[in-house]
Amino acid sequence: MVYTLLCFRKSRATENNSFAWLGLYLLLCTLYIAPWMVGFAGWYDNQPYRDILLYTPTNYSWMLGPVMFVYVQSLLNPSYRFSRKEWWHFLPGAIYLLFHLLFFITDKLILTQPFFLSAEVDPDYTDYSLYPGMISMVIYFLLTLRYYRLYQKLMVQLVSFADLLLFKWVRNFLYGFLGFILITITFTILGAVFGFYYTGSWWYYLAFALIYYYIAITGYSNATETHIAFQANLLTYRPALILQPSSATNHIIEIDFIEIEPREATAFEPDFPLEEWKEKIEQAIDTEKGYEDPDLNLMKLSKQLGTNPSLLSKIINQGFRKNFNDFINGYRIEAVLQKLNAREQEKHTLLSLAYECGFNSKATFNRAFRKYAGLSPKEWIEKNAS
């Protein structure tokens, strides 16, 4: 609950909706684990606490998946806004809440005696509540994973610092959610086979709590932001529409369509001056040292060359057989290698040399160096020390 409130406060302070969605996710997780905890405090054995637990909805597995899906979209895409047409994602959860309200009104206000819950079995832990909720979480996990994969493929086509925007936190968040699904399935099977009493689920809730706390702490401390807005189709690998705020208004304007999977792009016409365009690009990047700009992206370079991002992306992918991120970082690594061959690392730190050549983080530099040279920077220096 502390991290739930912190996330809501941070969302308000930073005007970042992703923290509000994370706060809602943590709140649903809190409600999920609360009945088991207070159950050990004797609430299921004493009134009026028993009725509070029976009639209060706490198993929000119907909503965890949609909230996760919206959270990841709001985190990765600055243009994303939750719209009215997306409320259908929460329709099953709303129906679940209405059923609980119907149980309470019928039993407590109309009949004044148990009817729907005459067996005094918590409806949150019946099969009709648990299994469909689990199916919902699996479906939304796959949708969210698909969205993240599309985002990854798009970023390497747009920026030269993709590693900073690939959001390890989102990957780890998805791992955590998948872990929650797997332990739930595992303990459901074990419970069906061995007939666990509620005390036997202690290990399940311990594992859930560890995942839950990791998501709360790491998600709250996540500081990575992306400023590249886009629209992508989840059902196909169609081109993604790149968006940009207009300089004259606050509206979002369309920039261009970028191929997410450039290998599927159509080839150039035979009379297209591909070699001429390759020379222009090499002039801007190599001769004029455009790679030294740590914030270089496809839109900036296309504006410099007087063309559109879609055409430039296609030229780089088909002409140089590389995505934009690898293409620019290749020049940066070559510049670093020139400095290492000149033994400049004896006068300056390796990281300062990387920054001079356009890298803006140690992790990005190390990963690009290993991918390009097959060795880590330290291994390369040791190998070429003589």
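Along every chain, residues carry numbers that run from 1 in the direction the sequence is written. Local features in a predicted model are, by the rule used here, given only for residues with pLDDT of at least 70; side-chain atom pairs are given and counted only at 80 or more, and totals for whole chains, interfaces and linings are based on all residues. Excluded from the side-chain calculation are hydrogens and water; included are all heavy atoms of the structure.

### Overview of the overall build of the protein
Rules: Comment: elements are numbered from the N terminus, with helices defined as DSSP H or I runs of at least four residues and strands as E runs of at least two. Radius of gyration here is computed from C-alpha atoms only, and the compact-globule reference equals 2.2 Å multiplied by the residue count raised to the power 0.38. Burial status follows relative accessibility: with a 1.4 Å probe on protein chains alone, a residue under 20% of its type maximum counts as buried, one over 50% as exposed, and anything between as partly exposed. Note on definitions: a residue-residue contact is assigned when non-hydrogen atoms from the two residues lie within 4.5 Å. Surface accessibility in these figures is a Shrake-Rupley result with a 1.4 Å probe; residues are shielded only by whichever protein chains are displayed.
Looking only at helices and strands, the protein features 16 helices and 3 strands. Against the compact-globule benchmark of 21 Å for 386 residues, the protein has a radius of gyration of 27 Å, which places it well outside the compact range. With respect to the principal axes defined by its C-alpha atoms, the protein has extents near 85 × 50 × 40 Å. Across the 386 residues in the protein, those meeting the buried criterion constitute 46%. Partitioning the contacts of the protein with sequence separation of at least 6, the portion at a separation of at least 24 is 69%. Summed over its atoms, the accessible surface of the protein is roughly 20800 Å², and 60% of this surface lies on carbon and sulfur atoms.

### A look at helix H12 (residues 309–319)
In terms of burial, H12 is largely enclosed, as 8 of its 11 residues are buried. All of the buried residues in H12 are Pro 309, Leu 312, Ser 313, Ile 315, Ile 316, Asn 317, Gln 318 and Gly 319. Phi turns positive one or two residues past the end of H12, at Arg 321, with a value near 60 degrees.

### Some remarks on the environment of Lys 300
Along the chain, Lys 300 falls in helix H11 (residues 298–305). Judged by relative accessible area, which is 38%, Lys 300 ranks as partly exposed. In this structure, the C-alpha to C-alpha distance between Lys 300 and Ile 281, residues 19 residues apart in sequence, is 12 Å. Excluding residues that lie within four positions of it along the chain, Lys 300 makes contacts with Asp 293 and Asp 295.

### Describing a negative patch on the surface
The cut-off we apply is this: Patch definition: residues with relative accessible area over 30% and no salt bridge; like charges joined within 9 Å; nonpolar side chains (Val, Leu, Ile, Met, Phe, Trp, Tyr) joined within 5 Å. By convention in these notes, a salt bridge is any Lys or Arg side-chain nitrogen within 4 Å of a carboxyl oxygen on Asp or Glu. In this count, Lys and Arg are taken as positive residues and Asp and Glu as negative ones, while His and the chain termini are left out. Note on charges: their place is set at NZ of Lys, CZ of Arg, CG of Asp or CD of Glu.
Together, Glu 276, Glu 279, Glu 282 and Asp 286 make up a negatively charged patch on the protein surface. Along the chain, Glu 282 turns up in helix H10 (residues 274–287). Residue classification places Glu 282 among the partly exposed residues on the basis of a relative accessible area of 33%.

### Focus: helix H13 (residues 324–341)
Note the cut-off: Helix span, expected: 1.5 Å multiplied by one less than the number of residues in the helix. Contacts described as polar in this section are N or O atom pairs within 3.5 Å, which, within protein, must combine one atom able to donate a hydrogen with one able to accept it, while residues neighboring in sequence count only if both atoms come from side chains.
With 18 residues, H13 ought to run about 26 Å at 1.5 Å a step, and its terminal C-alpha atoms sit 26 Å apart, in line with that. Most of H13 sits inside the fold, with 14 of its 18 residues counted as buried. Between the side-chain oxygen at the start of H13 and the backbone nitrogen of Asn 325 there is a gap of 3.1 Å, and the oxygen is on Asn 323. The positive-phi residue at the C-terminal boundary of H13 is Arg 343, with phi of around 60 degrees.

### Considering empty space enclosed by the protein
Our working definition: Only protein atoms enter the calculation, which uses a 1 Å grid: trapped sets of points that fit a 1.4 Å probe without letting it out are cavities, open sets showing protein on both sides within 12 Å along at least five of seven lines are pockets, and any residue with an atom within 4 Å of a point is a lining residue. Grid points are joined across faces, edges and corners, and a volume is the space filled by probe spheres set on the points. Here the term charged refers only to Asp, Glu, Lys and Arg, the term nonpolar to Ala, Val, Leu, Ile, Met, Phe, Trp, Tyr, Cys and Pro, and the term polar to all other amino acids, Gly among them.
Evaluated as defined, the whole model comprises 2 cavities of 30 Å³ or more. Around the largest cavity sit 10 residues that line it, and Glu 259, Ser 310, Ser 313, Lys 314 and Asn 317 are the ones nearest its centre. When contributions to the lining of the largest cavity are tallied by element, the ones reaching two or more residues are strand E3 (252–258) and H12. With 5 residues, H12 is the largest single contributor of residues to the lining of the largest cavity. Of the residues in the lining of the largest cavity, the class split is 4 nonpolar, 4 polar and 2 charged. When its volume is computed, the second largest cavity comes out at roughly 40 Å³. Taken together, Tyr 25, Cys 29, Phe 180, Phe 208, Ile 211, Tyr 212 and Ile 215 make up the full set of residues lining the second largest cavity. The dominant element in the lining of the second largest cavity, judged by the number of residues it contributes, is helix H9 (residues 202–221), at 4 residues.

### A closer look at the layout of surface pockets
By volume, the second largest pocket is sized at about 570 Å³. Residue lining of the second largest pocket: 26 residues in total, with Asp 163, Leu 166, Asn 325, Thr 364 and Arg 367 positioned closest to the centre. Elements with a contribution of two residues or more to the lining of the second largest pocket: helix H6 (127–158), helix H7 (162–165), helix H8 (168–194), H13 and helix H15 (362–373). Tallying contributions element by element places H15 first for the lining of the second largest pocket, with 6 residues. A class-by-class count of the residues in the lining of the second largest pocket yields 10 nonpolar, 9 polar and 7 charged.

### Some thoughts on the packing of H8 against H9
Cut-off, in case you're wondering: Here an axis means a line fitted to C-alpha atoms, over the contact stretch when the element is a helix, while the angle between two N-to-C directions is reported on a 0 to 180 degree scale. Roughly parallel refers to an angle under 35 degrees, roughly antiparallel to one over 145, roughly perpendicular to one between 65 and 115, and oblique to any angle outside these ranges. Crossing chirality is assigned from the near helix's rotation relative to the far helix, an anticlockwise turn below a right angle marking it left-handed and a clockwise turn marking it right-handed.
Across the interface, H8 lies against H9 with an axial gap of 10 Å and an inter-helix angle of 170 degrees. Here H8 lies roughly antiparallel to H9, going by the angle between them. Viewed along their axes, H8 and H9 form a crossing whose handedness is left-handed. Where H8 abuts H9, its residues Trp 169, Asn 172, Phe 173, Gly 176, Gly 179, Phe 180, Ile 183, Thr 184 and Phe 187 lie against Trp 203, Tyr 204, Ala 207, Phe 208, Ile 211, Tyr 214, Ile 215, Thr 218 and Gly 219. Residue composition of the contact of H8 with H9, grouped by class: 12 nonpolar, 6 polar and no charged.

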